[in-house]
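# Observations on the model geometry
Each chain, letter by letter, is given below.
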Amino acid sequence: MPSGGRPWWQRALLYQVYVRSFADSDGDGVGDLRGIVQRLDYLDWLGVDALWLSPVTVSPDKDWGYDVADYTDVQPVLGGMAALDELVAEASARGIEVIVDLVPNHTSDRHPWFEEARSSREARHRDWYVWADPTPDGSPPNNWRNSFGGGPAWTLDEATGQYYLHNFLPEQPDLNWWNGDVRDAFDEILRFWLDRGIAGFRIDVAHGIVKDRQLRNNPDPAVSTYNANRDDVHDVFRHWRRLVDGYRPERVLLGETWVMELDRLARFYGNGEDELHLAFNFPFALSPLDADVLRGIVEATEAALPERAWPVWMLSNHDLARFPTRMCGGDERKARAALFLLLTLRGTPVLYYGDELGMPQARVPPEQERDMAGRDGARTPMPWNGGWTNPWLPLAAQVAPAATQRDDDGSFLCFCRGLIARRRSSIDLREGLYETLSAPAGVWAFRRGEHTAVAVNLSDEPAEIDLDGRRELAPWDGIVADV
Ligand code: GLC
């Protein structure tokens, strides 16, 4: 845990581990928690302060862990609870925190709550899910669509004659957050993990867990006006913030806040101290690598966030195509420039495993696809230089493995590690305020804190900029200057 004036999660570099693909300790082709333990020295060497683990809870894996059948136990293939406890202890010995994924929007249809709920209309857990009668012609209760394929967000349960809501797969029934018992159950789940020494939660579908109570039709069926994005969700986060604030050392709530309007994003921070600690910025992650566009997003974010709120930036995750391909067209110079920005802006940076290697999106042949939504190309095994036999997804790395890059000072990995070290050693880069500086077209320049200026050339032309004197900037190059 880094020390100093700001809370650890503001000073930290976070690293997202897609557990099934990070490191395999037992040779079954699936990455696991003991595999992460074996790679902790690497993560420590890189300069990682906290891990966010993709879901490790028990799941039939229709959506690879995001369909939870037991919120308080660990998936056997990932190593079970003993392996998680071992990881938390071993990580902690190196000053690394562990954050877990929490999926409150929906359960698996194999969760005992849902199995009981669908047994009859009078079932004890019936109202823990969202049920509604068919319309007179037998069709779904309203026009809500699911996010996987865009079909109806409703499936008819033949036995009890009602539809249940699922914003994702039919095997992922949505919980009813208007039911107080659901809220109480999640309080217990949060406490269960916090009591085990977990440093916080990445909250899946944070923007979407509360739905319109009256199940109104979306005015535009393609826009989730009523089946997500309801203001009532803020009551839940205020309550969770009070709950986690009761714990020491400090814990963190990191939301998957998939909203494209920055003023809406800002609201997940509440007054800056009473809702989520961090809310993911999707407009930034999904931006083209363009100086004007990115600067505009960062300025608007800085302006929208409440005073004490702290931004969080990422370029890749398990749902998006990897940034070196999506944002940078496979050009390594551009990928270095994007990473340079990630690690010099004000806010907590989050690396997705493999980002530090410049790992591009993989092409997974159709017969080897495992994800129903086509996201495998961002989830292939981490290239260590060995360590995988018959991995669950092909080892598709078109990039030098970590071990090779580690020995090469000019590698993407060493570039990334150097930036992390620079950030760690500079209070301005870690904590300083952001202020845009004037810069020629294609260049983005900003001040950080008292004495630091950053400039990055996001163009194919060489540029000149005056920071601590006139400086040449090669295409796609960045500089940090003392001013
Ligand atoms: C989130 C997850 C994604 C999952 C979806 C449904 O968006 O990041 O992987 O498929 O929620 O749980």
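Only a predicted model underlies this, so the values are computations on that prediction, with no experimental measurement involved.

Our focus in this paragraph is the overall build of the protein chain. Helix and strand counts for the protein chain stand at 15 helices and 19 strands. Each principal axis of the C-alpha distribution contributes one length, and for the protein chain these read about 75 × 50 × 45 Å. In the protein chain, 64% of the contacts between residues at least 6 apart in sequence involve partners at least 24 apart. For the protein chain, the accessible surface area stands at approximately 18,200 Å², while carbon and sulfur atoms represent 46% of it.

With that out of the way, let us pick up the packing of aromatic side chains. In this description, a pair of aromatic rings is defined by centroid distance and the angle of the planes. Under the counting rule described, the total for this entry stands at 29 aromatic pairs. Following the ring pairs from residue to residue traces out a cluster consisting of Tyr71, Trp113, Trp128, Trp177, Phe186, Phe237, Trp240 and Phe268. Sitting over the ring of Trp384, Arg39 keeps its end group 4.1 Å from the ring centre. The residue whose ring lies beneath Arg336 is Phe415, and the NZ or CZ to ring-centre distance is 5.0 Å.

A surface patch of negative charge is lined by Asp127, Asp181, Asp184 and Glu188. Considering the arrangement of structural elements, one finds Asp181 in helix 6 (residues 180–195).

Attention now moves to the sheet that holds strand 16 (residues 452–457). What the four strands build is an open sheet, ordered 14-15-16-19; its pairing is antiparallel. Among the strands making up the open sheet, the edge pair consists of strand 14 (434–437) and strand 19 (478–482). Across the sheet, the mean angle separating the axes of adjacent strands is 25° when strand polarity is ignored. Summarising the sheet, strand 16 and strand 19 pair through five bridges and their orientation is antiparallel.

Taken together, the side chains of Trp258, Met260 and Leu286 present a nonpolar region at the surface, about 260 Å² in accessible area. With respect to the element layout, Trp258 can be found in the loop between strand 10 (252–255) and helix 8 (262–267). Look at Trp258 and you get partly exposed, because its relative accessible area is 31%.

Before going further, it helps to spend a moment on the packing of helix 6 against helix 7 (residues 233–245). Running from N to C, helix 6 and helix 7 point in directions that differ by 35°, and their axes come no closer than 11 Å. Like other packed secondary-structure pairs, helix 6 and helix 7 cross with a definite hand, here right-handed. Residues Arg183, Phe186, Asp187, Leu190, Arg191 and Leu194 of helix 6 touch helix 7, and the partners they reach there are Asp235, Val236, His239, Trp240, Leu243 and Val244. In terms of residue class, the contact of helix 6 with helix 7 is built from seven nonpolar, one polar and four charged.

This brings us to the packing of helix 12 (residues 332–342) against helix 14 (residues 412–425). Across the interface, helix 12 lies against helix 14 with an axial gap of 10 Å and an inter-helix angle of 20°. It follows that helix 12 is roughly parallel to helix 14 by the angle criterion. Helix 14 is crossed by helix 12, and the crossing has right-handed handedness. For the pair helix 12 and helix 14, contact is made by Glu332, Ala335, Arg336, Leu339, Phe340 and Leu342 and by Phe412, Phe415, Cys416, Leu419 and Arg423, respectively. The residue makeup of the contact of helix 12 with helix 14, split by class, is eight nonpolar, no polar and three charged.

This part covers helix 7. Between its first and last C-alpha, helix 7 extends 18 Å over 13 residues, near the 18 Å set by a 1.5 Å rise per residue. Buried residues of helix 7: Val233, His234, Val236, Phe237, Trp240, Arg241, Leu243 and Val244, and no others. Packed against the buried residues of helix 7 are strand 5 (97–102), helix 6, strand 9 (200–203), strand 10 and helix 8.

A few words now on the site of the ligand. Taken together, 14 residues lie near the ligand, and Asp63, Asp204, Glu256, His318 and Asp319 sit nearest. Between the ligand and the protein, one listed contact pairs an oxygen atom with a side-chain N or O atom of His106 at 2.9 Å. Here an oxygen atom of the ligand and a side-chain polar atom of Asp319 are 2.5 Å apart. Residue classes in the shell around the ligand are distributed as four nonpolar, three polar and seven charged.

Here we come to the environment of Phe186. One can find Phe186 in helix 6. Phe186 gets classed as buried once you look at its relative accessible area, which sits at 0%. Taking the C-alpha atoms as reference points, Phe186 and Val364, separated by 178 residues in sequence, lie 37 Å from one another. With sequence-adjacent residues up to four places away left out, Phe186 is seen in contact with Tyr71, Leu102, Val103, Pro104, Trp113, Leu175, Trp177 and Trp240.

Criteria and cut-off values
- Residues numbered from 1 in each chain as written.
- Predicted model: local features only at pLDDT ≥ 70, side-chain atom pairs only at ≥ 80, totals over all residues.
- Heavy atoms only, no water.
- Helix = DSSP H or I, 4+ residues; strand = E, 2+ residues; numbered from the N terminus.
- Contact = heavy atoms within 4.5 Å.
- Areas by Shrake-Rupley, 256 points an atom, 1.4 Å probe, with all protein chains shown as cover.
- Phe/Tyr/Trp six-rings, centres within 6.5 Å; stacked < 30°, edge-to-face > 60°.
- Lys NZ or Arg CZ within 6 Å of the ring centre and 35° of its normal.
- Patch = residues over 30% accessible without salt bridge, like charges linked within 9 Å, V, L, I, M, F, W, Y side chains within 5 Å.
- Salt bridge = Lys/Arg side-chain N within 4 Å of Asp/Glu carboxyl O.
- Lys, Arg positive; Asp, Glu negative; His and termini not counted.
- Charge placed at Lys NZ, Arg CZ, Asp CG, Glu CD.
- Pairing = 2+ DSSP bridges.
- Axes fitted to C-alpha atoms, helices over the stretch in contact; angles between N-to-C directions.
- Buried < 20%, exposed > 50% of the residue type's maximum accessible area, 1.4 Å probe, protein only.
- Left-handed = near helix turned anticlockwise from the far one by under 90°.
- Nonpolar A, V, L, I, M, F, W, Y, C, P; charged D, E, K, R; others polar.
- Parallel < 35°, antiparallel > 145°, perpendicular 65-115°, else oblique.
- Expected span 1.5 Å × (residues − 1).
- Near = heavy atom within 4 Å.
- Polar contact = N/O pair within 3.5 Å; in protein donor to acceptor, adjacent residues only side chain to side chain.

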